[in-house]
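Structural characterization, general
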Amino acid sequence: MRKARTDSEKKVKLLEAAQRLMLAKGYTATSVEEICAAAEVTKGSFFHYFESKEDMGKAVLDHFMSSMSKAVLDSPFFKKKDPLQRIFGYIDFMIEVSGSPERRSGCLLGNFAQVLSDTYPDIRLLCARHFNWWSEMLKHELDEAKAGCAIKAAIDTRALSEHFIALFEGSLMLAKTRRDVGIIERNLGNFKQYLKSIFKNEGAKPPENP
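The text that follows walks through the structure, step by step, so that each part is easy to find. (Residues numbered from 1 in each chain as written. Predicted model: local features only at pLDDT ≥ 70, side-chain atom pairs only at ≥ 80, totals over all residues. Heavy atoms only, no water.)

What follows is about the overall build of the protein chain. Check the secondary structure of the protein chain and you find nine helices and zero strands. Here the protein chain, with 210 residues, has 43% of them falling under the buried criterion. Contacts in the protein chain between residues at least 24 apart in sequence constitute 69% of all its contacts with a sequence separation of at least 6. With the model as given, the accessible surface of the protein chain reaches about 11,700 Å², and the carbon-plus-sulfur share is 54%. (Helix = DSSP H or I, 4+ residues; strand = E, 2+ residues; numbered from the N terminus. Buried < 20%, exposed > 50% of the residue type's maximum accessible area, 1.4 Å probe, protein only. Contact = heavy atoms within 4.5 Å. Areas by Shrake-Rupley, 256 points an atom, 1.4 Å probe, with all protein chains shown as cover.)

What follows is the structure, given as structure tokens:
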């Protein structure tokens, strides 16, 4: 039992070290030796858990998305009954997270999708699955808000959820190249205002009985 716990801790240390390095330097520029040194584990331990660097890359991406999902689920805004307020809270959360020092290197999902899709088909497919999960999560909230609010215009909730993802990932790239993290806050703030413009009320109401 003690050995299993130690092995699990080593794996987490490897994943977190790889995540930090790959966000800072990119997947290609990060070596297995650097990851092991940063995690303070042996190369033998690395290959105990992962068949290859690509195998680890997929595990790191899953780890990154899992940690982001947990952060959302644990946030106070996620517990609000009003779906529109949950969406607004999520946008504010993404602005806050993007401004934190540990996240200024960008989004691992976006980085992997942009750099590795042409050369690592398995990673491309994994990125596609995670993007689809992200889109479905936002679509679910938008569908609930659409059902509970009187809206000014018909909206395609799937297109709107993908619009947010594209806006967020593009804002990260602009912020990185211009060295201006405020771009993220401005662009996501504009998206939030756009949502308010298509929903008549800022809070959702239960649908009227037929």
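Following the criterion strictly, the structure yields 13 aromatic pairs and no others. Relative to Tyr 120, the ring of Tyr 27 lies with its centre 5.5 Å away and its plane at 75°, an arrangement referred to as edge-to-face. Placement of the pair is Tyr 27 in the loop between α1 (2-25) and α2 (32-39) and Tyr 120 in the loop between α6 (108-116) and α7 (121-148), with a sequence separation of 93 residues. Take Tyr 27: its relative accessible area is 6%, and that puts it in the buried class. The class for Tyr 120 is partly exposed, based on a relative accessible area of 25%. Look at Phe 77 and Phe 93: their rings are 5.8 Å apart centre to centre, the planes differ by 45°, and that puts the pair in the tilted class. Of this pair, Phe 77 sits in the loop between α4 (53-73) and α5 (83-99) while Phe 93 sits in helix α5; the two residues are 16 residues apart in sequence, bridging distant segments of the chain. (Phe/Tyr/Trp six-rings, centres within 6.5 Å; stacked < 30°, edge-to-face > 60°.)

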